[in-house]
Amino acid sequence: MDYMKEFKATAEKFALLGNVISIEPYGEGHINLTLLVTTDEKRYIMQKMNTNVFPDTVGLMANICGVTEHLRARGIETLCVIPTKAGERYLVNELGSFRVYDFIENTVTYQKVTDKEVFKNSGAAFGEFQNYLAEFDASVLTEPIKRFHDTPNRFENFKKALEADAFGRAKECAPEIEFVLSHADTYGTAMEGLADGTIPLRVTHNDTKLNNILMDEASGKARAVIDLDTIMPGSMLFDFGDSIRFGASTAAEDEKDLTKVHFDIELFRAYAEGYCGAVKDSITAREAELLPYGAYLMTVECGMRFLTDYLSGDTYFATKYEGHNLVRCRTQLKLAGEIEASFAEMGEIVKEILA
Ligand code: ADP
Ligand code: GN1
Ligand code: MG
């Protein structure tokens, strides 16, 4: 696709500095179409928002503007929404719904951990982000996706997709289906704890993978937490767990060679040091006890979601080839099994850190 031709007129509707000289696809997100827009003065990120996943664009952009204004007022670097020339937060035209952010320069996002220290820094940053959200008035937020980390509900959706088997793909994934079905009794703990009050309901990010944080190119310290679409009430277990799911693996989320995919307990330790160090004053004993479970839950849930999407014909996550979601599902289920087998050791590490 000629991205410049397709999206130039759209980009020019925003209050950009300079003239647009190029537009190209950017990053590795699975949900929005992310474009790097370069003008003769500076760079921007323009996103065609995924309105199937996030139908309430008004509420979504209000959440993002509310949270980023709260952060900016405290001197914390964050996404900066660039309005349209007409002063709107986003633009709807015949191509879709678009928003623009300043490009945060001199930063990198990692698709895989290459340095333990950088991963620890990301843990500290997501923990601090949790602290900032705790000060934020949750009553002004809308819930962009209902039941986002309600794993038992995800399991019900998985079973419906399996039952329908609309693309005849179930026969290719018997071991994965068996794994998800046989772990059914492990999915309820977080939702039960939130319902009975033994786990505090907090405002959380809910999508804390390593490529949703910008790290300073030079120092390896975190600069800004991004991808703020899923900020809503949730549990600390979700934020901690999702970072471990993605980052404490020895391979990429879509590695095809499963012999390369392992849960790395030393990466878990590094992240836990960063994260727990930041939230030590607010984390409850029950949350601390369940951090290893949170890592397992987010991993098995993500595996189940990739499998559901594969069975349903790949309509939710962006895929680059047929079978991409199944490849992703396999890495997640392998990791989930290894994490489950490491609960005792992980628990000791958390205890040591919080002692
Ligand atoms: P998705 O919801 O599809 O995951 P993201 O908002 O996470 O989309 O953006 C995809 C990628 O684009 C990020 O992982 C990051 O690499 C890059 N990115 C997004 N926003 C910015 C920004 N403001 N500055 C620099 N890079 C960004
Ligand atoms: C999606 O948007 P992105 O690519 O950062 C997904 C997460 C999954 C993740 C798996 C809104 O995150 O929930 O954990 O893919 N986001 C949404 O990599 O569904
Ligand atoms: Mg993202």
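Residues numbered from 1 in each chain as written. Chains lettered and ligands numbered in written order. Predicted model: local features only at pLDDT ≥ 70, side-chain atom pairs only at ≥ 80, totals over all residues. Heavy atoms only, no water.

Asks: Please give an account of the side chain of threonine 57 that cites residues and values.
Replies: Here threonine 57 lies in helix H2 (residues 57-73). By relative accessible area, threonine 57 is classed as buried at 8%. Those residues in contact with threonine 57 that lie beyond four places of it in its chain are Met49, Thr51 and Tyr90. (Helix = DSSP H or I, 4+ residues; strand = E, 2+ residues; numbered from the N terminus. Buried < 20%, exposed > 50% of the residue type's maximum accessible area, 1.4 Å probe, protein only. Contact = heavy atoms within 4.5 Å.)

Asks: With reference to specific residues and values, describe the layout of surface pockets.
Replies: Approximately 790 Å³ is the volume attributed to the largest pocket. Taken together, 46 residues make up the lining of the largest pocket; nearest its centre are Gly29, Asn211, Asn212, Ile226 and Asp227. Those elements that place two or more of their residues in the lining of the largest pocket are strand E3 (43-48), strand E6 (96-102), strand E7 (107-108), helix H7 (236-247) and helix H9 (285-311). With five residues, the top contributor of residues to the lining of the largest pocket is H9. When grouped by side-chain class, the residues that make up the lining of the largest pocket number 20 nonpolar, 14 polar and twelve charged. (1 Å grid on protein atoms, 1.4 Å probe; cavity = no way out; pocket = protein on both sides within 12 Å on 5 of 7 lines; lining within 4 Å. Points joined across faces, edges and corners; volume = space filled by probe spheres on them. Nonpolar A, V, L, I, M, F, W, Y, C, P; charged D, E, K, R; others polar.)

Asks: How would you summarise the coordination of the magnesium ion (ligand 3) if you had to cite specific residues and measurements?
Replies: By definition of the ideal shapes, a tetrahedral metal site with four donors has angles of 109.5 degrees and an octahedral site with six donors has angles of 90 or 180 degrees. Looking at the metal site, the magnesium ion (ligand 3) is ligated by Asn212 (OD1) and Asp227 (OD), spaced 2.1 to 2.2 Å from it. On the criterion of sequence distance, the pair formed by asparagine 212 in the loop between strand E8 (202-204) and strand E9 (213-216) and aspartate 227 in the loop between strand E10 (222-225) and strand E11 (232-234) is long-range, its members being 15 residues apart. Here asparagine 212 falls in the buried class, since its relative accessible area comes to 5%. (Donors = N, O, S within 2.8 Å, 3.2 Å for Na, K, Ca; no water.)

Asks: Talk me through the pattern of salt bridges; I want residue IDs and the actual numbers.
Replies: Throughout the structure, instances matching the rule amount to 22 salt bridges. Of the charged contacts in the structure, one is a salt bridge between lysine 159 and glutamate 156, with a shortest N-O distance of 3.3 Å. With a gap of three residues between them, lysine 159 and glutamate 156 both fall in helix H4 (residues 151-164), about one helical turn apart. What makes lysine 159 partly exposed here is its relative accessible area of 33%. The partner of glutamate 176 in a salt bridge is arginine 330, and the shortest N-O contact between them spans 2.8 Å. With a gap of 154 residues between them, glutamate 176 in helix H5 (residues 174-182) and arginine 330 in helix H10 (residues 324-341) connect regions that are remote in the sequence. Glutamate 176 sits in the buried class, given a relative accessible area of 10%. On the basis of relative accessible area, arginine 330 is assigned to the partly exposed category, the value being 28%. Connected through shared salt-bridge partners, Glu77, Asp216 and Arg223 make up one network. (Salt bridge = Lys/Arg side-chain N within 4 Å of Asp/Glu carboxyl O.)

Asks: Please set out the packing of H9 against helix H11 (residues 343-354) residue by residue, giving values where relevant.
Replies: Between H9 and H11, the least distance of the axes is 9 Å, while the angle of their chain directions is 135 degrees. In terms of their interaxial angle, H9 and H11 are classed as oblique. In the crossing of H9 with H11, the sense of the turn from one axis to the other is right-handed. Residue-level contacts link Ala288, Leu291, Pro292, Tyr293, Ala295 and Tyr296 of H9 to Phe343, Met346, Gly347, Val350 and Leu354 of H11. Counted by class, the contact of H9 with H11 contains ten nonpolar, one polar and no charged residues. (Axes fitted to C-alpha atoms, helices over the stretch in contact; angles between N-to-C directions. Parallel < 35°, antiparallel > 145°, perpendicular 65-115°, else oblique. Left-handed = near helix turned anticlockwise from the far one by under 90°.)

Asks: Outline the nonpolar core, supporting the account with residue identities and numerical values.
Replies: By size, the foremost hydrophobic cluster in this structure holds 97 residues, and its most contacted members are Phe158, Phe263, Phe268 and Leu307. In terms of residue count, H9 provides more of this core than any other element does, 15 residues in total. In this structure, phenylalanine 158 is in contact with Ile177, Val180, Leu181, Met304, Leu307, Thr308 and Leu311, ignoring residues within four places of it in sequence. By size, the runner-up hydrophobic cluster in this structure holds 14 residues, among which are Phe7, Phe14, Leu91 and Phe98. (Core = buried A, V, L, I, M, F, W, Y, C linked by side-chain atoms within 4.5 Å.)

Asks: Residue-level account of the site of ligand 2, with values.
Replies: Looking at ligand 2, there are 18 residues lining it, with His30, Lys209, Glu253, Arg305 and Tyr316 nearest. Histidine 30 is positioned with one of its backbone polar atoms (N or O) 2.8 Å from an oxygen atom of ligand 2. The protein chains hide 98% of the 440 Å² of surface that ligand 2 would expose on its own. The set of elements that each furnish at least two residues to the shell around ligand 2 consists of H7 and H9. Ranked by the residues each element gives to the shell around ligand 2, the list is headed by H9, at three residues. (Near = heavy atom within 4 Å. Polar contact = N/O pair within 3.5 Å; in protein donor to acceptor, adjacent residues only side chain to side chain. Areas by Shrake-Rupley, 256 points an atom, 1.4 Å probe, with all protein chains shown as cover.)

Asks: I'd love a proper account of the packing of aromatic side chains, names of residues and values included.
Replies: A ring pair, where both rings are aromatic, is described by two values, the distance of the centres and the angle of the planes. The full count for this structure, using the stated rule, is 15 aromatic pairs. Here phenylalanine 240 and phenylalanine 268 contribute two aromatic rings whose centre-to-centre distance is 5.8 Å and whose plane-to-plane angle is 90 degrees, an arrangement assigned as edge-to-face. You can see phenylalanine 240 sitting in helix H7 and its partner phenylalanine 268 sitting in helix H8 (residues 265-279), a full 28 residues away along the chain. For phenylalanine 240, a relative accessible area of 0% puts it in the buried group. (Phe/Tyr/Trp six-rings, centres within 6.5 Å; stacked < 30°, edge-to-face > 60°.)

Asks: Can you tell me about unusual backbone geometry, naming the residues and giving the values?
Replies: At asparagine 206, a position not held by glycine, the phi torsion is positive, near 75 degrees. Tracing the chain through its elements places asparagine 206 in the loop between E8 and E9. Judged by relative accessible area, asparagine 206 falls into the buried class, the value being 2%. Of note in the backbone geometry, aspartate 314 takes a positive phi value of approximately 60 degrees without being a glycine. Relative accessible area serves as the criterion here: at 19%, aspartate 314 is assigned to the buried category.

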